[in-house]
Amino acid sequence: MARYIFITGGVVSSLGKGLMAASLAALLQARGYRVRIRKFDPYLNVDPGTMSPYQHGEVYVTDDGAETDLDLGHYERFTGVSARQSDNVTQGRVYQTIIQRERRGDYLGATVQVIPHVTDEIKAFALAETDDLDFVLCEIGGTVGDIESLPFMEAIRQLHNDLDRGQSIFVHVTLVPYIAAAGELKTKPTQHSVRELTSLGIQPDILLCRCEHPLPESERRKIALFCNVRPEAVIPALDAKSIYAVPEQYHAEGLDEEVLRAFGISDAPAPTLDRWTDIMDRQLNPEGEVTIGVVGKYVGLLDAYKSLHEALTHGGMANRVKVNVKWIDAELFEKGEDLAASLEPMHGILVPGGFGVRGSEGKIASVKFARERNVPFFGICLGMQMACIEGARNTAGIAAASTTEFGETSEPVVGLITEWMSKEGLQKRTAETDLGGTMRLGAYPAKLAGNSVVAGIYGANEISERHRHRYEVNAGYREPLEKGGLIFSGMSPDGTLPEIVERPDHPWFVGVQFHPELKSKPFDPHPLFAGFIAAAVKQSRLV
Ligand code: GLN
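Computed from a predicted model, the values in this text were never measured in an experiment. (Residues numbered from 1 in each chain as written. Predicted model: local features only at pLDDT ≥ 70, side-chain atom pairs only at ≥ 80, totals over all residues. Heavy atoms only, no water.)

Side note on the overall build of the chain
Going by this rule: Secondary structure elements follow DSSP: runs of H or I of four or more residues count as helices, runs of E of two or more count as strands, with numbering from the N terminus. Atoms considered for the radius of gyration are the C-alpha atoms alone. The globule rule reads 2.2 Å times the number of residues to the power 0.38. Here the term buried applies to any residue with accessible area under 20% of the maximum for its type, exposed to any over 50%, and partly exposed to those in between, with areas from a 1.4 Å probe on protein chains only. Throughout, a contact is declared for two residues whenever any of their heavy atoms are within 4.5 Å. This count recognises Lys and Arg as positive and Asp and Glu as negative, with His and chain-terminal groups excluded. In plain terms, the charge of a residue is placed at NZ if it is Lys, CZ if Arg, CG if Asp and CD if Glu.
Scanning the chain from N- to C-terminus turns up 19 helices and 25 strands. Over its C-alpha atoms the chain spans a radius of gyration of 25 Å, differing by no more than 12% from the 24 Å that the globule rule assigns to 543 residues. For the C-alpha atoms alone, the extent of the chain along its principal axes is close to 75 × 65 × 45 Å. When the 543 residues of the chain are sorted by exposure, 56% land in the buried category. Considering only residue pairs separated by 6 or more positions, the chain has 72% of its internal contacts joining residues 24 or more positions apart. The average position of the 55 basic charges and that of the 72 acidic charges among the side chains of the chain differ by 2 Å.

Okay, here's the thing in structure tokens:
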């Protein structure tokens, strides 16, 4: 039976609980244990798919087509374990399930209540599909004291009691702020946070204390005394040089050791951390650097492009170079900002995924710049669609080319996908379909043309990548686009949906309908990102 580690956060949000969970899982994995990480989100949306990236950051998509919290991206990047729908549940989904059941009459006349019905549903989620695991890490979103997270706190309290003794522990992540005027680290917020937690019936076993300065031994003892934990279980967590330095740093502070001790495990194998040492060496000792311009819409919030940023970093690790990412607001090019002046210093131009017409002409102009100036270009999802519209307009003579996403058009080079085959059978959509959970989502296979650039990059003719889109490039325009030099080098197996386009007469020009950034890992960089950065390195030697 799997052991459970429940992770809560206190004092303030944004302490990096997700990274902490991912790092602890990586450390347990490094000792040979099988791990899985789950996220409980207290908000009432059924999933984050309908939320603005400014509200929620990126929507992370799993192979099985779930639209999930971006923390699942960290989990997957740190452990290599593919996340699933069953690894992220929101309070909205819990209530949706319960209300559907109530409407069917499944509760047989009972009054449906938070305790036990909502808490039972949360517990069932935590326990599902865990037979083949040694450790399940459950991260509770939000901060202790939030009204919204109360049912989740109650559920993990109950679960701790339901499970055998020694089967579960609580880790609480807090902040120990530095007050400059006093020149001291302050432990009181941590004490209050733990008091709040114990008032809910949860006594933490381990405290992970985020701090900007080293935690003096005296303060460690004080926290231990007031919070009822052993001093060794108060783990200082200082800011790290890189997120990928966190596992080794937490190991040095004794986190995994304390976790094992809390479970009473004394015979655990020593961890093998070579892969982390290797990627940190690649990141901290680069042999060069490149600058990539990402021309997008949500550039004000880095979290909106979390996986993309990480995948670019991994591409840098693969080539032993530092990747400087310049986030460029596409809309500025529509408002008169000098495009050439902004893009000339770039060694590669990337147009990422996105939604809606705002900034699209700026993106199309950036594709044109990359094509004409022979600058490595990578278009992802909406970025590929923009590359096709640019190609249609400027190399195929279709001046009115556009996408139906932006309004009615006489030349729908990109249009709404109304039918496609999935593992579940034929999917049908219309313009009236609900927005939530109805895109073409999750892993789909694609066939690559044998002599294409991308087949060389992947070293394969058949691939599987994750999708999240409602529109598709219209295969009816294939002939004029290919005549203009834009080759359809990847298609869905039935040959109907364009998955990849490329320009063989360009140093590196690839557009993909899927999101390769979601599958990139530091110790296994995605081949498209490794290839794009390699092309940018070449470009940097030219300019
Ligand atoms: N808005 C486009 C579509 O729905 C692209 C989506 C994306 O980039 N993820 O097809």
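Some remarks on the site of the ligand
Note the cut-off: Neighbouring residues are identified by heavy atoms, a residue being near a molecule or strand if any of them is within 4 Å of it. In the analysis that follows, any N or O atom pair within 3.5 Å is treated as a polar contact, provided that within protein one partner can donate a hydrogen and the other can accept it, and provided that, for residues neighboring in sequence, both atoms belong to side chains. Accessible surface is estimated by sampling points in the Shrake-Rupley manner with a 1.4 Å probe; for residues, cover comes only from the protein chains shown. Any residue that is not Ala, Val, Leu, Ile, Met, Phe, Trp, Tyr, Cys, Pro, Asp, Glu, Lys or Arg is counted as polar, Gly included; the first ten are nonpolar and the last four charged.
In the vicinity of the ligand, the contacting residues are Gly 353, Gly 354, Phe 355, Cys 381, Leu 382, Gln 385, Glu 405, Arg 468, His 469, Arg 470, Tyr 471 and His 515. Contact between the ligand and Gly 354: an oxygen atom at 2.9 Å from a main-chain N or O atom of the residue. At a separation of 2.8 Å, a nitrogen atom of the ligand approaches a polar side-chain atom of Glu 405. Relative to its unbound accessible surface of 290 Å², the ligand loses 99% to contact with the protein. Those elements giving two or more residues to the shell around the ligand turn out to be helix H16 (382-395) and strand S21 (462-469). Class assignment for the residues of the shell around the ligand results in four nonpolar, five polar and three charged.

Observations concerning the nonpolar core
Selection rule: The criterion is simple. A nonpolar core is a set of buried Ala, Val, Leu, Ile, Met, Phe, Trp, Tyr and Cys residues joined through side-chain atoms within 4.5 Å.
Counting 59 residues, the largest nonpolar core has Ile 5, Met 20, Phe 135 and Leu 255 as its most contacted members. Per-element tally for this core: the top contributor is helix H1 (residues 17-29), with nine residues. Ile 5 has contacts with Leu 24, Leu 28, Phe 135, Val 136, Leu 137, Cys 138, Ile 169, Val 171, Val 259 and Phe 263, leaving out every residue within four places of it along the chain. Grouped together as the second largest cluster of nonpolar side chains are 35 residues, Ile 328, Val 375, Ile 389 and Leu 486 included.

Topic: the sheet that holds strand S12 (residues 289-296)
Condition: Two strands make a pair as long as DSSP finds a minimum of two bridges between them. Here, axes are lines fitted to C-alpha atoms. For helices the fit covers the stretch in contact, and angles between N-to-C directions go from 0 to 180 degrees.
Strand order in the open sheet formed by nine strands is S13-S12-S14-S15-S25-S24-S23-S20-S21, with mixed pairing between adjacent strands. On the outer flanks of this sheet lie strand S13 (322-329) and S21, each paired with one strand and no other. On average, each strand axis in the sheet is tilted by 25° relative to the strand beside it, whichever way the strands run. Across four bridges, the pairing between strand S23 (residues 487-491) and strand S24 (residues 498-502) is antiparallel. Note that in S24 the partner of Met 491 across the bridge is Pro 498. Along the sheet, helix H15 (residues 360-373) contacts S12, strand S14 (348-351), strand S15 (377-380) and strand S25 (509-512); its crossing angle with S14, the most-contacted strand, is approximately 150°. The strands that helix H19 (residues 527-542) touches are S12, S13, S14, S15 and S25; relative to S12, the one it contacts most, it runs at about 115°.

Points about the sheet that holds strand S17 (residues 411-416)
If you walk across this open sheet you meet the three strands as S16-S17-S22, and the pairing is mixed. Taken across any chain shown, the strands that pair with only one partner, and hence form the sheet edges, are strand S16 (401-403) and strand S22 (471-473). Ignoring strand direction, the axes of neighbouring strands in this sheet form an average angle of 30°. In this structure, S16 lies alongside S17, joined through three bridges in parallel fashion. Within S17, the residue paired with Ser 402 across the bridge is Pro 412.

Some details on the packing of H1 against helix H10 (residues 255-262)
The cut-off we apply is this: Angles are sorted into four bins: roughly parallel if under 35 degrees, roughly antiparallel if over 145, roughly perpendicular if 65 to 115, and oblique for all others.
Close contact between H1 and H10 brings their axes to 10 Å; oriented N to C, the two are set at 75°. In this view, H1 runs roughly perpendicular relative to H10, as classed from their interaxial angle. Contact residues: Met 20, Leu 24, Leu 27 and Leu 28 in H1; Leu 255, Asp 256, Val 259 and Leu 260 in H10. When its residues are assigned to classes, the contact of H1 with H10 shows seven nonpolar, no polar and one charged.

Considerations on the packing of aromatic side chains
Heads up, the rule is: Each pair of aromatic rings taken from Phe, Tyr and Trp, with Trp reduced to its six-membered ring, is defined by centres within 6.5 Å and is described as stacked if the planes are under 30 degrees apart, edge-to-face if over 60, and tilted in the remaining cases.
Within this structure, the stated rule accounts for 16 aromatic pairs. Between Phe 377 and Phe 509 the ring centres are 4.7 Å apart and the planes differ by 35°, which places this aromatic pair in the tilted class. A residue pair is termed long-range when its members are at least 10 positions apart, and Phe 377 in strand S15 and Phe 509 in strand S25 qualify at 132 residues. Like Phe 509, Phe 377 is buried.

Section: the packing of helix H7 (residues 188-199) against helix H8 (residues 217-227)
The relative placement of two packed helices is expressed as an angle between their axes plus a distance between the axes. As a reminder of what qualifies: Put simply, a crossing is left-handed when the front helix is turned counterclockwise from the back one by less than a right angle, and right-handed when it is turned clockwise.
With their axes 10 Å apart at the nearest point, H7 and H8 run at an angle of 20° to one another. The orientation of H7 with respect to H8, classified from their angle, is roughly parallel. Here the hand of the crossing between H7 and H8 comes out right-handed. The residues of H8 that touch H7, namely those facing Thr 190, Gln 191 and Val 194, are Lys 222, Ile 223, Phe 226 and Cys 227. Grouping the amino acids of the contact of H7 with H8 by side-chain chemistry returns four nonpolar, two polar and one charged.

Read these as geometric descriptors, not functional statements.
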